[in-house]
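Fold and contact review
Each chain is listed here by its residues.
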Amino acid sequence: MNFASDNTAGVSEPIMMALAAANQGFAPSYGADDLTAGVKRRLAEVFEREVEVYLVATGTAANALSISTFAEPWTAVLCSHNAHVLTDECGAVEMFSAGARLVGVDGDHAKIDVAALADLLDHWPSGRPHVVQPSGLSISQASEFGAVWSPDDVGALGEIARRHGLRLHMDGARFANAVAALDCAPADVTWRAGVDILSFGATKNGALGAEAIVVFAPELARTLTKRRMRAGQLISKGRFVAAQLLAYLEKDHWLDLAAHANAMAMRLGKGIAASTSARLAVPVEANEVFAWLAAVDVARLREEGAMFYEWQGAASGVDSAGVPSDARLVRFVASFATDEGQVDRLLGLLGTGKDRVAAQ
Ligand SMILES: Cc1ncc(COP(=O)(O)O)c(C=O)c1O
């Protein structure tokens, strides 16, 4: 019962087989191999247009390098207060952009509220040398609270970005989960809605370690070759990163893996919503479940070997009305490797309602 994160799961069978298949003979290094060229072609098909593609090993690298393409040192990049780039990347964005500042914007479920953003931008002090000027926005798809940005949601931000001359970055560490949940064309939720550059994640959804920076605004790609090298992210045996992504994208494997993870999260979410001993804290939209649990249930789940995180800190949009003060906010993440048995076992371990977080 490991619900700690989607990256506690292993590697999907087809991706493992693709790695073994790539392990034959010699191939040009540093991304000059045929498999890497194939990933670029395949991503162009997925996104229905030409794209520039830069493979890297981690989501943090994909985010920091993507944002560094447009964030000059004296600028600000606006994101949710809960954005991974702001809270969990140890200043990588700031370092790779030589000092650009990340600024949190209000919004529920780790999304950015459009009105709050518009207000912030409309009142941004300009014309003074003392104040950083906004250069871009960064949004996470799916968000850090498992919320999904619809094409219209992204489009509204894209429109604001266009009006203010800002770039729009999407952190797609869980892009597959969002696209599977939305059942939309990847293009509709990215460049057609105004996204300039995307961190296309695969590691959390069945790859071993493979992420792609997908550039829709070609001028942003100009410096990426050098930036990636300086960041130590040009992988010498690049064929193995590419092999993972090709298998990931083959016959919609990425979407099948994500749809399964989402279905498991939905099953868990429904079980929690129906229980008298726990409460959903935010709606389940992709593969993450946030819930209030009684302290005794948290302890029992841990004793039985369930792995999950208690979530710290208040966040906008988390439903906490009437929740007892000793209740715990926890996060469960489902992955491609989660099965119904694990979900049902976890639900079966929740208490029976005596002194619990009652359903409202
Ligand atoms: C929303 C989001 N973005 C980016 C990352 C970064 O990925 P990595 O751990 O590969 O650097 C994570 C990882 O937890 C994440 O949840």
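Every residue gets a number counted from 1 within its own chain, in the order that chain's sequence is written. Selection of residues for local features in this predicted model requires a pLDDT of at least 70, selection of side-chain atom pairs for listing and counting requires 80 or more, and totals for whole chains, interfaces and linings are taken over all residues. Based on all heavy atoms of the structure, the side-chain values leave hydrogens and waters out of the count.

**Some words on the pattern of salt bridges**
For salt bridges, the criterion is a side-chain nitrogen of Lys or Arg within 4 Å of an Asp or Glu carboxyl oxygen. Tallied over the full model, the rule gives 17 salt bridges. A salt bridge links Lys 111 to Asp 153; its shortest N-O distance comes to 2.9 Å. Pair noted here: Lys 111 is in the loop between strand E3 (101-105) and helix H6 (114-122) and Asp 153 is in helix H7 (residues 151-164), with a separation of 42 residues, a long-range link. Think of it in three bands: with a 1.4 Å probe and only protein chains considered, a residue is buried below 20% of the maximum accessible area for its type, exposed above 50%, and partly exposed in between. Residue classification places Lys 111 among the buried positions, given a relative accessible area of 17%. Of the charged contacts, one joins Glu 159 and Arg 162 as a salt bridge, the two residues approaching to 2.8 Å between their closest N and O atoms. Here Glu 159 pairs with Arg 162, and both are found in helix H7, just 3 residues apart, close to one helical turn. Judged by its relative accessible area of 58%, Arg 162 is exposed. Salt bridges here are not isolated pairs; linked through shared partners, they connect Asp 6, Arg 174, Glu 288 and Arg 331. Strands here are runs of E lasting at least two residues and helices are runs of H or I lasting at least four, both read from the DSSP assignment and numbered beginning at the N terminus.

**Quick word on the site of the ligand**
Around the ligand, a shell composed of Thr 58, Gly 59, Thr 60, Asn 63, His 84, Glu 89, Glu 144, Asp 171, Ala 173, Arg 174 and Lys 204 is seen. Separating an oxygen atom of the ligand from a side-chain N or O atom of Thr 60 is a distance of 2.6 Å. A distance of 3.3 Å is found between an oxygen atom of the ligand and a side-chain nitrogen or oxygen belonging to Arg 174. Contact with the protein chains hides 79% of the accessible area of the ligand, taken as 400 Å² for the molecule alone. Looking at which element gives the most residues to the shell around the ligand, the answer is helix H3 (residues 59-68), with 3 residues. Here the residues of the shell around the ligand sort into 1 nonpolar, 5 polar and 5 charged. Any residue with a heavy atom positioned within 4 Å of a molecule or strand is treated as near that molecule or strand. Under the rule applied, a polar contact is a pair of N or O atoms within 3.5 Å (in protein, one hydrogen donor and one hydrogen acceptor; residues adjacent in sequence only if both atoms are side-chain atoms). Residue-level accessible areas treat just the shown protein chains as cover; the underlying method is Shrake-Rupley with a 1.4 Å probe. Classes in brief: Ala, Val, Leu, Ile, Met, Phe, Trp, Tyr, Cys and Pro nonpolar; Asp, Glu, Lys and Arg charged; the others, Gly included, polar.

**Remarks on the pairing of strand E5 (residues 167-172)**
With respect to burial, E5 is a largely interior element, 5 of its 6 residues being buried. Note: two strands are recorded as paired if DSSP finds a minimum of 2 bridges between them. Pairing of strand E4 (residues 133-140) with E5, which is carried by 5 bridges, proceeds in the parallel orientation. Residue pairing across strands places Leu 137 opposite Leu 168, the latter belonging to E5. When the strands point away from the viewer, a crossover counts as right-handed if the path from the first strand over the helix to the second runs clockwise. Viewed along the sheet, the connection from E4 through H7 into E5 turns out right-handed. Where E5 lies against strand E6 (residues 197-201), 4 bridges are found, and the strand directions are parallel.

**Here's the deal with H6**
Structural remark: α-helix, 3.6 residues per turn; residues separated by three or four positions point the same way. Taken together, the buried positions of H6 are occupied by Leu 117, Ala 118 and Leu 121. One face of H6 carries all of its buried residues, which in axial projection span an arc of 95 degrees. In what follows, a contact means two residues having at least one pair of non-hydrogen atoms within 4.5 Å. Where H6 is buried, its residues contact strand E2 (75-80), E3, E4 and H7. Directions pointing from the helix axis toward each C-beta atom define the arc.

**A short note on the pairing of E2**
A regular strand places its side chains on the two faces of the sheet in alternate fashion. Most of E2 sits inside the fold, with 6 of its 6 residues counted as buried. Sheet analysis places E2 next to E4, joined by 4 bridges and oriented parallel. When the sheet's bridge partners are listed, Thr 75 is paired in E4 with Gln 133.

**Things to note about the nonpolar core**
By size, the foremost hydrophobic cluster in this structure holds 55 residues, and its most contacted members are Leu 43, Phe 47, Phe 200, Leu 245, Tyr 248 and Trp 254. It is helix H10 (residues 238-249) that provides the largest number of residues to this core, a total of 6 residues. The residues contacting Trp 254, other than those within four sequence positions of it, are Val 46, Phe 175, Ala 176, Val 179, Pro 186, Phe 200, Asn 205, Tyr 248 and Leu 249. Nonpolar cores are built from buried Ala, Val, Leu, Ile, Met, Phe, Trp, Tyr and Cys residues. Side-chain atoms within 4.5 Å join them into one set. By size, the runner-up hydrophobic cluster in this structure holds 25 residues, among which are Val 56, Ala 61, Ala 62 and Val 93.

**What to know about the packing of helix H11 (residues 253-274) against helix H13 (residues 340-348)**
In a pair of packed helices, the angle between the axes and the distance between the axes together describe the arrangement. Lines fitted to C-alpha atoms define the axes, with helix axes restricted to the stretch in contact, and inter-axis angles between N-to-C directions lie between 0 and 180 degrees. Running from N to C, H11 and H13 cross one another at 20 degrees; their axes reach a closest spacing of 10 Å. It follows from the interaxial angle that H11 and H13 lie roughly parallel. For the pair H11 and H13, the crossing hand works out as right-handed. Taking contact as the criterion, the partners of Met 264, Arg 267, Leu 268, Gly 271 and Ile 272 in H11 are, on H13, Glu 340, Val 343, Asp 344, Leu 346 and Leu 347. Taken together, the residues of the contact of H11 with H13 sort by class into 6 nonpolar, 1 polar and 3 charged. Every angle not falling under 35 degrees, over 145, or within 65 to 115 is termed oblique; those three ranges are roughly parallel, roughly antiparallel and roughly perpendicular. Helix crossings get a hand from a simple test, with the near helix turned counterclockwise from the far one by less than a right angle marking a left-handed crossing and a clockwise turn marking a right-handed one.

**What about the packing of aromatic side chains?**
Each Phe, Tyr or Trp ring, with Trp reduced to its six-membered ring, pairs with another whose centre is within 6.5 Å; inter-plane angles below 30 degrees give stacked pairs, above 60 give edge-to-face pairs, and intermediate values give tilted ones. Tallied over the full model, the rule gives 12 aromatic pairs. Note on Phe 3 and Phe 332: the rings are 6.0 Å apart at their centroids and 85 degrees apart in plane angle, and the pair reads as edge-to-face. With Phe 3 in the segment before helix H1 (13-22) and Phe 332 in strand E11 (residues 328-333), the pair connects residues that are 329 residues apart, well separated along the chain. Summarising the aromatic geometry, the rings of Phe 47 and Phe 200 are spaced 6.2 Å apart at their centres and angled 80 degrees between planes, so their arrangement reads as edge-to-face. Residue Phe 47 is found in the loop between helix H2 (34-46) and strand E1 (52-56), and its partner Phe 200 is found in strand E6; the two are separated by 153 residues along the sequence. The buried category is assigned to Phe 47, whose relative accessible area is 0%. Relative accessible area serves as the criterion here: at 0%, Phe 200 is assigned to the buried category. Grouping aromatic residues by their ring pairs yields a cluster made of Phe 47, Phe 175, Phe 200, Phe 216, Tyr 248 and Trp 254.

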